[in-house]
Every structure is written in structure tokens, then in C-alpha cells.
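Architecture and fold: a report
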Amino acid sequence: MKTDFSMTIHGQAVAGTRGTFKVLNPATEETVALCPSGSPEQVDQAVAAAAEAFKTWQYSTDATRVAALNAIADKFEQHAAELAEIITLEQGKPLALARFEVGGAVAWTRYTASLGVPVEVIEDSDVRLAELHRKPLGVVGSITPWNWPLMIAVWHVMPALRTGNTVVVKPSSMTPLNTLRMVELMNECLPAGVINVITGEGGIGSSIVKHEGIRKIVFTGSTPTGQTIMRNAADNMKRLTLELGGNDAGIVLPDADIDKLAPAIFQTAFLNMGQTCAALKRLYVHESQYDALVEKLAEMARAQKVGPGMEEGVTFGPVQNRDQFDLVSELVEDARQNGARIVTGGERIGDKGYFYAPTIVADIADGTRLVDEEQFGPVLPVIRYSDVEDALRRANDNPNGLGGSVWGSDIDKARAIASRLECGTAWINNHAEVLPHCPFGGSKMSGFGVEFGQDGLLEYTQSQLLNINRG
Ligand code: NAD
């Protein structure tokens, strides 16, 4: 893997004027590489470069943008092995999952290329022609988290470019390297300044959010940071897409075929070691199937091969960073002290790296921190219920509203419950599935705005009505 990483501003490789900081491998706690530490002045330079590039890019033809995005997808494919390795080393996930992430980045890029920006004719009469056009906004600031760093950067950046905006992206300081490489590769397919990247350990995100030259912020991360961003974006009325935290509930109905569904329940709760915004984070199970399902999930947890993501055969990696590891440990300890049963896991594995055993917690109820708060890690609380209406009420009794799911054999019954979940996506017999053509976003404290599909694309545009008088 290459070890010299640079920021990209106006098409040039740039070092940080504040030196460098270390990026750690969560499997070993050793340094993967040094990352440039940028400054607020370099944010100014990046925004100026993006603003300059916008003057031309906003008028580029559809064909130019489609060709650029497809060329970028080709580049990602050519460098797939390298990108996956960087992701595993700095993020921690098993290499197979990192390859899946790169594959997703390619697929999303190609799909976004295939979308179009329509002109809608609203009235075409003797009196007037009224057309609704969609124009790019200008410079978009993208701020990303550490869980699916490449995929989420692609989710932000591609629709922005496809609609004629230019971008300054800032990755999480926990996992910045793959984004630095992504932008370097993209830069080979785009005019200088269309995409720029700044990294740093503190204050860079808020410099971007407050910058007068930026017209929109697309942010994926925690709810408290989203709230700060919303406050700081007010001065020049920035557009916002906020994809924030979740505490998704799943409800297993009495008629669910748990033999068939248990693997999908496990997979969607523990996807990426549970560090997925729309992972299943609280599971409500009817008392008639409770003990059997708890045991099946525990069996699957025990069967995981936990270890460094680069090792052959490993199915489960470390938690990404020390703070998140400490939070997961704290929530499980709190549950234990409040009488919950740790069916399996509940402890650190080894003494190096942030490995936490895949954990199933039973005999736990709402009112416990592990149920009420987002754990964002490898632990699933399983809650017993006897009345479906009560389970639905408890599922909705949470400030978050990203996703939710219902698991059952009678689809009409499951649909009736799912439609009453307070969340942006309701799945039946599945969870956490996101697709490039299906709009995805949160409700309540999980944010607003959507990504993906036509609706997601239009979030990067400003409508302009053209009204031609024919009278
Ligand atoms: P975080 O909020 O700590 O950080 C996210 C990004 O924001 C990082 O790049 C960080 O440097 C930056 N940042 C921090 N403070 C800032 C500020 N004041 N102004 C501007 N930027 C700032 O989140 P995280 O810990 O990296 O990610 C985990 C969280 O993200 C979880 O809550 C998870 O549910 C959520 N998430 C949501 C989605 C979604 O689509 N809804 C997807 C992935 C993750």
C-alpha cells in the first residue's frame, strides 16, 4: 500500500500546513500512515478552487458529466484491490467487506451517471410556457464518517458532480486515507478544482460548514454533530442534507419463520460490526419465539471468526476506534448491572486492537441505555414482548427515525405494522438494505433530506421556473 498521502486542491497534490497526524489500524493500534493536517486557510483555498471550477463545470454538457463519472467508475475498478486494502487497514472491516464497499462505490457511481436532470413542462398553452429547470447550487461541502468511508463519500460526491456542482470533501480523521486516494483518482478524470479534499484533526469540518463560499452541506454522521452543523450553516442559508444517527427497531411477529429469518436478522444487526447507520439496533421478539431466536442469534455470534480484517477467513473485525469501543463496553456493562443477561460475548478479545466479541443481550427492556441509545457496535439487545401493539409503541418511542423492520409470514399483517413505524425506511423480512435507485433518509432526529434515486439527485439542485409570456 502507498504510504504518502496528499490532499488535492485545484488538481494539485498538497501537504497540510499543520503537518501530519497518525492514522491508526484498529486491529493493531499501530500507525497505518501519516495524513496531512490541513488548516482553515487551506479550506479557503479549496473553496476558491471549487468556486473557480464551478464557473465552467456548471455549464458542462450532460454527456461530459456522464463520461466523467463512468471514467471515474472505471478508475475505481482498476484500483479496487488498493482501495479495499486501504479501507481494511484504517477502518478495520474484513477485506471481503471492504471489497464489497468498493464494489458499491463503483455501482453507485455508474448508476448516478445514468440518471438525468429533467426539465418539467408545467404549462404549455397559448397564454404561456412554464418550465421548471434544475440548476446546480455551486460549491458543495461533503463531510463523512468513519464506518463506510468510501461508499458514503461516493454517495455525497457523485450526485453533486452529476448535477453540475463542484465539491470540497472532508473525511473523518479516523479513516481519511481512502478518500484522499479516491479524490486523487477522480482528479485524473475531472478538470482541476471540480473535486477537492481537505483532511485535518479538528476544526476543518466547522470551517467548511461556516464558509460563505459553500452553498450546501451534505453530512453523514452523528446527531449531535448534525445539530451543530445546522446551527452553523444558517448564516448564508446553506442547503442541508443530514443523514444522522439511528436506533432502528425490528419487530419479530408471532408467525415469523425464525429458522429462515435468523441469519438475515443477525447479518443486518452486525453488518460492519454493527457500525452501520441503518443496522438493526433493537430487536423486539414475541414471547412465543423469544428463547429460540435468542439462542439462534447467539449461535451465529459464537460462530464468527474475529480477527484482523487482512487475515484470511476472518468474518468479524475490530470496532473502528477507542472511543466507540469504550462506548460499546460501557453500554453492555450498564445492561449487565441492570440485570440483563449477556447470552454471549460481552467482553474484549485479546489485549491489542479494539476487538469486542459479537454480543447478544437478552432479558432487557426499554429504559436501559443499551436499548434507548445508539450502540453503533457489535451488540444486539433482544427485547421480549407479548402484545404487538405494545411492541410497535415501544419501537416508535425513540427520538431517532432512520429505519425499522417487521419480520413475519403474513405479509399483509407485517405491512400494516411496518406502515406505522416512524422512520424513513421500513423493511419487511429484511433490514439495512440500501439501493442506488431507492431514496433513503431519516425522519425525526435521524435527519432530513434523502440520498439516492432521482429524489436524491435533485437535492443538489435549485429549481428555477422559466415563465414565457405568449399573450
Ligand atoms: P461524527 O458526527 O462524530 O463525525 C462525522 C464527521 O463530522 C467527521 O468527518 C467529523 O470530523 C465531522 N465533524 C465533527 N464535528 C464537526 C463539526 N462541528 N462541524 C462539522 N463537521 C464536524 O460521526 P461518526 O462518529 O464519524 O459516525 C458515526 C455516526 O454516524 C453514527 O451516529 C451513525 O449512525 C451515523 N451515520 C449515519 C448514517 C446515515 O446515513 N444516516 C450513515 C453512517 C453513519
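The structure displayed is predicted, hence computed values, not measured ones. (Residues numbered from 1 in each chain as written. Predicted model: local features only at pLDDT ≥ 70, side-chain atom pairs only at ≥ 80, totals over all residues. Heavy atoms only, no water.)

To continue, consider the packing of aromatic side chains. On inspection of all chains with the given rule, the structure shows ten aromatic pairs. Seen from their ring centres, Phe100 and Trp148 are 6.2 Å apart, and the 70° between their planes marks the pair as edge-to-face. Pair noted here: Phe100 is in helix 4 (residues 95-114) and Trp148 is in the loop between strand 7 (139-143) and helix 5 (149-162), with a separation of 48 residues, a long-range link. Between Phe266 and Phe270, the ring centres sit 4.5 Å apart and the planes meet at 20°, which makes this aromatic pair stacked. (Phe/Tyr/Trp six-rings, centres within 6.5 Å; stacked < 30°, edge-to-face > 60°. Helix = DSSP H or I, 4+ residues; strand = E, 2+ residues; numbered from the N terminus.)

Here Gly164 lies in the loop between helix 5 and strand 8 (166-170). Relative accessible area serves as the criterion here: at 0%, Gly164 is assigned to the buried category. Distance in space between the C-alpha atoms of Gly164 and Val314 is 42 Å, their sequence separation being 150 residues. Ignoring any residue separated from it by four or fewer positions in sequence, one finds Gly164 in contact with Phe54, Trp57, Gln58, Arg65 and Pro136. (Buried < 20%, exposed > 50% of the residue type's maximum accessible area, 1.4 Å probe, protein only. Contact = heavy atoms within 4.5 Å.)

Another point: the packing of helix 2 (residues 62-78) against helix 6 (residues 177-187). Put simply, helix 2 and helix 6 touch, their axes get as near as 9 Å, and they point 130° apart. The angle between helix 2 and helix 6 falls in the class oblique. For the pair helix 2 and helix 6, the sense of crossing is right-handed. Of the residues in helix 6, those touching helix 2 at Ile72, Lys75 and Phe76 are Met182, Leu185 and Met186. When grouped by side-chain class, the residues that make up the contact of helix 2 with helix 6 number five nonpolar, no polar and one charged. (Axes fitted to C-alpha atoms, helices over the stretch in contact; angles between N-to-C directions. Parallel < 35°, antiparallel > 145°, perpendicular 65-115°, else oblique. Left-handed = near helix turned anticlockwise from the far one by under 90°. Nonpolar A, V, L, I, M, F, W, Y, C, P; charged D, E, K, R; others polar.)

Time to look at the site of the ligand. Taken together, 28 residues form the shell around the ligand, and within it Thr144, Ser222, Leu244, Cys277 and Glu374 come nearest. Backbone polar atom of Glu243 to a nitrogen atom of the ligand: 3.5 Å apart, as the coordinates give it. Against a free-state accessible area of 850 Å², the protein chains account for coverage of 83% of the ligand. Mapping the ligand onto the cavity grids shows that it belongs to the largest pocket. When grouped by side-chain class, the residues that make up the shell around the ligand number 13 nonpolar, twelve polar and three charged. (Near = heavy atom within 4 Å. Polar contact = N/O pair within 3.5 Å; in protein donor to acceptor, adjacent residues only side chain to side chain. Areas by Shrake-Rupley, 256 points an atom, 1.4 Å probe, with all protein chains shown as cover. 1 Å grid on protein atoms, 1.4 Å probe; cavity = no way out; pocket = protein on both sides within 12 Å on 5 of 7 lines; lining within 4 Å. Sits in = over half its atoms within 2 Å of the grid points.)

For the rest of this paragraph, the subject is the side chain of Glu101. Within the secondary structure, Glu101 is located in helix 4. Taking the relative accessible area as the measure of exposure, Glu101 reaches 0% and is therefore buried. Among the polar contacts listed, one links the side chain of Glu101 to the side chain of Lys93, at a separation of 2.5 Å. Contact partners of Glu101, with chain neighbours within four places excluded, come to Ile87, Lys93, Trp148, Pro149, Leu150 and Met151.

Moving on: helix 6. Within helix 6, ten of the eleven residues are buried, which leaves the element mostly enclosed by the surrounding structure. Residues of helix 6 that are buried include every one of Leu177, Asn178, Thr179, Leu180, Arg181, Met182, Val183, Leu185, Met186 and Asn187, and no others.

Moving on, we come to the packing of helix 4 against helix 5. Between helix 4 and helix 5, the least distance of the axes is 9 Å, while the angle of their chain directions is 10°. It follows that helix 4 is roughly parallel to helix 5 by the angle criterion. Contact with helix 4, carried on its side by Phe100, Glu101, Val102, Gly104, Ala105, Trp108, Thr109, Thr112 and Ala113, involves Pro149, Leu150, Met151, Val154, Trp155, Met158, Pro159 and Arg162 of helix 5 and no other residues of that element. In the contact of helix 4 with helix 5, the residues fall into twelve nonpolar, three polar and two charged.

The buried fraction of strand 16 (residues 379-385) is high, at six of seven residues. In terms of strand pairing, strand 13 (residues 280-286) meets strand 16 through four bridges, oriented parallel. Considered in strand 16, the bridge of His286 is made with Tyr385. Where strand 15 (residues 359-362) meets strand 16, three bridges bridge the pair, whose relative direction is parallel. (Pairing = 2+ DSSP bridges.)

Before going further, it helps to spend a moment on the sheet that holds strand 18 (residues 403-407). Spatial ordering of the open sheet is given by 14-15-16-13-12-18-19, a layout of seven strands whose pairing is mixed. Of all strands in the sheet, those with a lone pairing partner are strand 14 (341-344) and strand 19 (425-428), marking the two edges. Across the sheet, the axes of successive neighbouring strands diverge by a mean angle of 25°, strand direction being ignored.

Turning our attention to the domain arrangement of the protein. Here the domain parsing of the protein yields domain 1 (7-244 + 446-468) and domain 2 (248-435). Relative to domain 2, the C-alpha centre of domain 1 lies at a distance of 31 Å. Summed over both sides, the interface of domain 1 with domain 2 buries roughly 2200 Å², with 61% coming from carbon and sulfur. It is Glu29, Trp146 and Ser446 that lose the most area in domain 1 upon contact with domain 2, and together they represent 25% of the buried surface on that side. The interface formed by domain 1 and domain 2 includes three salt bridges. Two residues, Lys352 and Glu30, come together in a salt bridge whose shortest N-O distance is 3.4 Å. For the side of domain 1 that touches domain 2, the secondary-structure elements that each account for two or more residues are helix 3 (80-91) and helix 4. Of all the elements, helix 3 adds the most residues to the side of domain 1 that touches domain 2, at five residues. For the side of domain 1 that touches domain 2, a count of residues per class yields 14 nonpolar, eight polar and six charged. (Domains from an automatic or database assignment. Buried area = accessible area lost by both parts, 1.4 Å probe. Salt bridge = Lys/Arg side-chain N within 4 Å of Asp/Glu carboxyl O.)

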